[in-house]
Amino acid sequence: MSIEREENMKIKIAIALMALCVLASGAYAGITGGEKEIGAAFTVMKPSEGDTVWSLFGTVGYYTSPQVRLAGIGILMGSDKTTGIAGGTVDYLVNQGDDVIPYLGGGLLVDV
């Protein structure tokens, strides 16, 4: 793998991880099945060397029950060339009795 391609992959992984952190919304007490959520974020990163990278994140979530959320994620990013990542997640909300509700989740993101 070329150095440039390896650097691009590292940037994509970093952006994907950051996107998951940004879009991982805390669940609110009283969620019921059938509720929907929409999230979006925009970032610009300027490293000390290299091109500025911008990223646009979006997610749409649906609660199938008070404990289970399904979500689709889309990420566009670019500097000199625009690329994208798409995928989905499944989250299980552990406890709805607190102000902050922890959850366990997993997902799959693919480069498009």
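S.K.: Which parts of the structure should I look at to understand the overall build of the chain?
M.R.: Tallying secondary structure elements over the chain gives one helix and five strands in all. Starting at the N terminus and walking to the C terminus, you meet the elements of the chain as α-β-β-β-β-β. Within the chain, buried positions represent 26% of all 112 residues. Of all intrachain contacts in the chain linking residues separated by at least 6 positions in sequence, the fraction that spans at least 24 positions is 45%. Taken as a whole, the chain presents about 7100 Å² of accessible surface, with 62% of it coming from carbon and sulfur.

S.K.: What should I look at first to understand the sheet that holds strand S1 (residues 36-45) in this one?
M.R.: Strand pairs in the sheet, formed through backbone hydrogen bonds, run parallel or antiparallel to each other. Reading across from one edge, S1-S2-S3-S4-S5 is the order of the five strands in this open sheet, with antiparallel pairing throughout. Pairing within the sheet leaves two strands with one partner each, and these edge strands are S1 and strand S5 (103-111). Each neighbouring strand pair of the sheet contributes to a mean axis angle of 15°, computed without reference to strand direction. Pairing of strand S2 (residues 53-63) with strand S3 (residues 68-78) involves 10 bridges; the strand directions are antiparallel. Residue pairing in the sheet places Tyr 62 in a bridge with Leu 70 of S3.

S.K.: For this particular structure, what's the right way to read the pattern of salt bridges?
M.R.: It is possible for side chains bearing opposite charge to pair when their charged atoms get close. For the structure shown, the criterion picks out two salt bridges. A salt bridge links Arg 69 to Glu 37, with the shortest nitrogen-to-oxygen separation between them at 2.2 Å. Within this pair, whereas Arg 69 is found in strand S3, its partner Glu 37 is found in strand S1, the two being separated by 32 residues in sequence. Comparing Arg 69 with Glu 37 shows no difference in burial state: the two are buried. Residue Asp 91 is joined to Arg 69 by a salt bridge in which the shortest nitrogen-to-oxygen separation is 2.4 Å. Separated by 22 residues along the polypeptide, Asp 91 in strand S4 (residues 82-93) and Arg 69 in strand S3 bring together distant segments of the chain. For the pair formed by Asp 91 and Arg 69, the shared burial category is buried.

S.K.: When you look at the nonpolar core in this model, what are you seeing that I'm missing?
M.R.: Ile 15, Ala 16, Ala 41, Val 53, Phe 57, Ile 73, Ile 75, Met 77 and Ile 85 together form the largest nonpolar core, which totals nine residues. Looking at this core, the elements with two or more residues in it are helix H1 (3-23), S2 and S3. By residue number, the principal contributor to this core is S3, which donates three residues.

S.K.: Please explain the environment of Gly 84 as it appears in this structure.
M.R.: By the element assignment, Gly 84 lies in strand S4. Considering only alpha carbons, one finds Gly 84 and Lys 12, 72 residues apart in sequence, at a separation of 8.9 Å.

S.K.: I would appreciate a short explanation of the side chain of Ser 55 in the present structure.
M.R.: Among the structural elements, Ser 55 can be located in strand S2. A residue is classified by how much of its surface remains accessible, and Ser 55, at 0% relative accessible area, is buried.

S.K.: Please explain a nonpolar patch on the surface as it appears in this structure.
M.R.: The grouping of Phe 42, Val 44, Leu 56 and Leu 76 at the surface amounts to a nonpolar patch, some 380 Å² of accessible area in total. Among the structural elements, Phe 42 can be located in strand S1. When its relative accessible area of 53% is taken as the criterion, Phe 42 is described as exposed.

Here is what the cut-offs are and how they apply
- Residues numbered from 1 in each chain as written.
- Predicted model: local features only at pLDDT ≥ 70, side-chain atom pairs only at ≥ 80, totals over all residues.
- Heavy atoms only, no water.
- Helix = DSSP H or I, 4+ residues; strand = E, 2+ residues; numbered from the N terminus.
- Buried < 20%, exposed > 50% of the residue type's maximum accessible area, 1.4 Å probe, protein only.
- Contact = heavy atoms within 4.5 Å.
- Areas by Shrake-Rupley, 256 points an atom, 1.4 Å probe, with all protein chains shown as cover.
- Pairing = 2+ DSSP bridges.
- Axes fitted to C-alpha atoms, helices over the stretch in contact; angles between N-to-C directions.
- Salt bridge = Lys/Arg side-chain N within 4 Å of Asp/Glu carboxyl O.
- Core = buried A, V, L, I, M, F, W, Y, C linked by side-chain atoms within 4.5 Å.
- Patch = residues over 30% accessible without salt bridge, like charges linked within 9 Å, V, L, I, M, F, W, Y side chains within 5 Å.

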